[in-house]
Amino acid sequence: MTELGDGTRVVRAGLPDAEQGAPFLPGPTLAAPFHLRGEPADADFSYTRYGNPTWRRYEEALAELERGEVVLFASGMAAAAALLLTALRPGSVAAIDRECYLNVRRLAATHLEPRGVELRVVAASGLEAAVRGADVLWLESPSNPKLDVTDLSALARAARREGALAVIDNTTAGPLLQRPLELGAHASMVSATKHLSGHADLQLGYVATADPALAARLRDWRRDAGAIPGPFESWLAHRSLPTLALRLERGCANALALAELLRSRDGVAGVRYPGLPTDPGHDLARRQMRGFGTVVSFDLGSRERSQAFLDAAELVTEATSFGGVHTTAERRARWRGDDVTEGFIRLSAGCEDTRDLVADVAHALAHARP
Ligand SMILES: Cc1ncc(COP(=O)(O)O)c(C=O)c1O
């Protein structure tokens, strides 16, 4: 058979073989200790912090999509922390994309730098130089929240030349829209809190890698640091996986429709969406992505206008995060960690009907006239 498409793959990913009278997806295994006689090595499962069948099933599902081994964590940040803290020690050097997620930068500044790790936090254009002599290269594309697109293959190659671990935070795209391991990264990190689970009801994260030694180090870290996913959350996320391709299809179409609307309106500046042919990242995104994502950003020029827009919108819920079935948006400056203006809005397109969303955003813009 020819290779299955992603929409087909997600429907059955990680499911056990059909067994008479058994459910398609077995329920969560809610256990701390498991029955264990004799030596721990004699049993598949001994204590959930060491391993749990529900995580394992979801990890296997994600591994099919990522084409690598997957280690699941309690959140995206738990996955990021595991990568950075196992790869860096006093005297190490980390080259970090200045536009990457604010908590990754904060983690590095508050927990790595004081422990003697040299941080080179630079714009994407400076990363090739910054990675010289570095131990880790941390990239994010499209970046959150500004949606800059970075040449991942070129930078992963530069990192490999230096012997640095090339990590791509693939949260804004996810495994169906971008495959970092195929682009040359050693590790792809994803917050499964976003599209992967997609219903705004849980937090999880994971690392995918083709390097079994790295996967083993991360599993050991998870066990020792206790950054473990809950079995119930893991089951819920697996439960949501079969609709991932459908949700993305609608979300990407809605994001493009909203980006086109926003671009056509006076008083809306800096509209960014990699799917817009006019976007500075479009050509690169076409080369390294399979779809352009559900996040759009734009600037209404002032805090007041942005808040008026958010207050007037009825189908756009004011909330942080992205990648869910509900369309959400927020004034990103309220978090005080990104280099954005007071009028900057990050919007995540959900799965509502396109026509309704476009009408609602047009209506909200009318309430936020300059
Ligand atoms: C790009 C990116 N990376 C990592 C994270 C962290 O994920 P989590 O909130 O699941 O810890 C986020 C969360 O917003 C994110 O946007």
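No experiment lies behind these values; they were computed from the predicted model shown.

(A) Quick peek at the pattern of salt bridges. Summed over the entire model, instances satisfying the criterion amount to 27 salt bridges. Residue Asp148 pairs with Arg272 through a salt bridge whose shortest N-O separation is 2.8 Å. Remark: Arg272 occurs in strand S8 (residues 269-272) and Asp148 occurs in the loop between strand S4 (136-140) and helix H6 (152-162); sequence separation between them is 124 residues. We note a salt bridge from Arg303 to Glu342, for which the minimum N-O separation is 4.0 Å. Taken together, the residues span a long stretch of sequence, with Arg303 in helix H11 (residues 303-312) and Glu342 in the loop between strand S11 (328-331) and strand S12 (344-348) at a distance of 39 residues. Taken together, the salt bridges that share partners define one network made up of Glu3, Asp6, Arg9, Arg67, Arg179, Glu182 and Arg290.

(B) Spatial organisation of the sheet that holds strand S10 (residues 317-318). The 5 strands are arranged S8-S9-S12-S11-S10 in an open sheet whose pairing can be described as mixed. With partners counted over all chains shown, the strands left at the sheet margins are S8 and S10, one partner each. Pairing geometry for strand S9 (residues 295-299) and S12, over 5 bridges, is antiparallel. Residue pairing in the sheet places Val296 in a bridge with Leu347 of S12. Contacts from helix H9 (residues 244-264) reach S8, S9 and S12, with the element oriented near 15° to S9. Where H11 meets the sheet, it contacts S9, S10, S11 and S12, and its direction lies at approximately 160° from that of S11.

(C) Fine view of empty space enclosed by the protein. As enumerated under the stated definition, the model contains 2 cavities of 30 Å³ or more in all. Each pocket or cavity is described by its volume, and for the largest cavity that value is around 60 Å³. Lining the largest cavity we find His195, Leu244, Arg247, Leu248, Gly251, Thr294, Gly323, Gly324, Ala349, Gly350 and Cys351. Split into classes, the residues belonging to the lining of the largest cavity amount to 4 nonpolar, 6 polar and 1 charged.

(D) Inspection of the environment of Asp353 at higher detail. With respect to the helices and strands, the residue Asp353 is situated in the loop between S12 and helix H12 (354-367). Looking at Asp353, the relative accessible area reads 44%, which means it is partly exposed. When the C-alpha atoms of Asp353 and Arg12 are compared, they prove to be 27 Å apart, with 341 residues separating the residues in sequence. Beyond its immediate chain neighbours, meaning those up to four positions away, Asp353 contacts Arg250 and Asn254. Within the structure, Asp353 has its side chain in polar contact with the side chain of Arg250 (distance 3.3 Å).

(E) Spatial organisation of the site of the ligand. Around the ligand lies a shell of 15 residues, among which Asn144, Asp169, Ser191, Thr193 and Lys194 are the nearest. Here Gly76 contributes a backbone N or O atom positioned 2.9 Å from an oxygen atom of the ligand. At 2.7 Å from an oxygen atom of the ligand is found a side-chain nitrogen or oxygen belonging to Ser191. Elements with a contribution of two residues or more to the shell around the ligand: helix H3 (76-87) and strand S6 (187-191). Within the shell around the ligand, the residues separate by chemical class into 5 nonpolar, 7 polar and 3 charged.

(F) Geometry of the sheet that holds strand S7 (residues 205-209). Sheet architecture is open: 7 strands sit in the order S1-S7-S6-S5-S4-S2-S3, paired in mixed fashion. Each edge of the sheet is formed by a strand with only one pairing partner; in this case those strands are strand S1 (69-73) and strand S3 (118-122). For this sheet, the mean angle separating the axes of adjacent strands, direction not counted, is 20°. One ladder, built from 5 bridges, connects S4 with strand S5 (residues 165-169); its direction is parallel. In the sheet register, Leu139 faces S5, and the bridge partner there is Ile168.

Rules used in this analysis
- Residues numbered from 1 in each chain as written.
- Predicted model: local features only at pLDDT ≥ 70, side-chain atom pairs only at ≥ 80, totals over all residues.
- Heavy atoms only, no water.
- Salt bridge = Lys/Arg side-chain N within 4 Å of Asp/Glu carboxyl O.
- Helix = DSSP H or I, 4+ residues; strand = E, 2+ residues; numbered from the N terminus.
- Pairing = 2+ DSSP bridges.
- Contact = heavy atoms within 4.5 Å.
- Axes fitted to C-alpha atoms, helices over the stretch in contact; angles between N-to-C directions.
- 1 Å grid on protein atoms, 1.4 Å probe; cavity = no way out; pocket = protein on both sides within 12 Å on 5 of 7 lines; lining within 4 Å.
- Points joined across faces, edges and corners; volume = space filled by probe spheres on them.
- Nonpolar A, V, L, I, M, F, W, Y, C, P; charged D, E, K, R; others polar.
- Buried < 20%, exposed > 50% of the residue type's maximum accessible area, 1.4 Å probe, protein only.
- Polar contact = N/O pair within 3.5 Å; in protein donor to acceptor, adjacent residues only side chain to side chain.
- Near = heavy atom within 4 Å.

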